[in-house]
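# Observations on chain architecture
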Amino acid sequence: EVTGHLAKSWSDPEVTAQVSAENARYADVLFGSVRGSADMHEGAFLFHPLRVYEGDATVSLEGSARFRRDPKRPTIELTVTAKAYPLQRFLDYLDLDYPISGRVTGSFPVAGNPPDAVSGEGVAVIEDAVLWGQRVDRITGHLGLAPGKVSFDDVRAELEGGAAGGRAALAYKEKTFE
């Protein structure tokens, strides 16, 4: 269900909308129950926030995504915040086929102009994880995104009977890693 107000013209709309949906799917990925408000103003979608719920798990999207380019503003300025949300749904939405599952909690602000100039960083916790068939009770770390590179710093994993830690980075355009 969507309610709201539409004004101005089709080429420059002003929209205020309240969204409520059960078992919402986007890009063929099930997200859960969606609640929140979003606007369209000066060529951008504005999320105040838009929240997804599934039991105790939540994810919210807050900020702006421009559909009309403005050289003075980044195309996206968004913060994604999750609490015990299924990691696999994020991977499915991003079309990343990795054998990783678990429940993710954290906040990740990103800003820039896709596809080559997006940056962001945040701290995350993944609980009840399975990574390439290996059960991991808890993983914590700092995720960084810079143009052409993703990094994982201060990674700590609680394994059955012990712990492991480290850091990694992937320069995906150059196809190199460290």
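Look up a bit, the structure's there.
So, here is what we can say about the structure in this document.

## Observations concerning the pattern of salt bridges
Tallied over the full model, the rule gives eleven salt bridges. D12 is the partner of R68 in a salt bridge, and the nearest nitrogen-oxygen pair spans 3.5 Å. In this pair, R68 is assigned in the loop between β5 (57-66) and β6 (76-86) and D12 in the loop between β1 (2-8) and β2 (13-26), connecting sequence segments 56 residues apart. Given the relative accessible area of 23%, D12 is considered partly exposed. Across the pair D70 and R73 runs a salt bridge, and its minimum N-O distance is 3.6 Å. With a relative accessible area of 37%, R73 lands in the partly exposed category.

## A short note on unusual backbone geometry
At the junction of P114 and P115, the peptide bond is cis and its omega measures out at 5° in the coordinates. Checked against the element boundaries, P115 lands in the loop between β7 (100-113) and β8 (117-131). If you check the backbone angles, D154 has positive phi at about 50° while not being a glycine. Positionally, D154 belongs in strand β10 (residues 149-159). Even without a glycine there, the phi angle at K175 is positive, about 60°. Relative to the helices and strands, K175 is located in the loop between β11 (162-171) and β12 (176-177).

Rules and cut-offs
- Residues numbered from 1 in each chain as written.
- Predicted model: local features only at pLDDT ≥ 70, side-chain atom pairs only at ≥ 80, totals over all residues.
- Heavy atoms only, no water.
- Salt bridge = Lys/Arg side-chain N within 4 Å of Asp/Glu carboxyl O.
- Helix = DSSP H or I, 4+ residues; strand = E, 2+ residues; numbered from the N terminus.
- Buried < 20%, exposed > 50% of the residue type's maximum accessible area, 1.4 Å probe, protein only.

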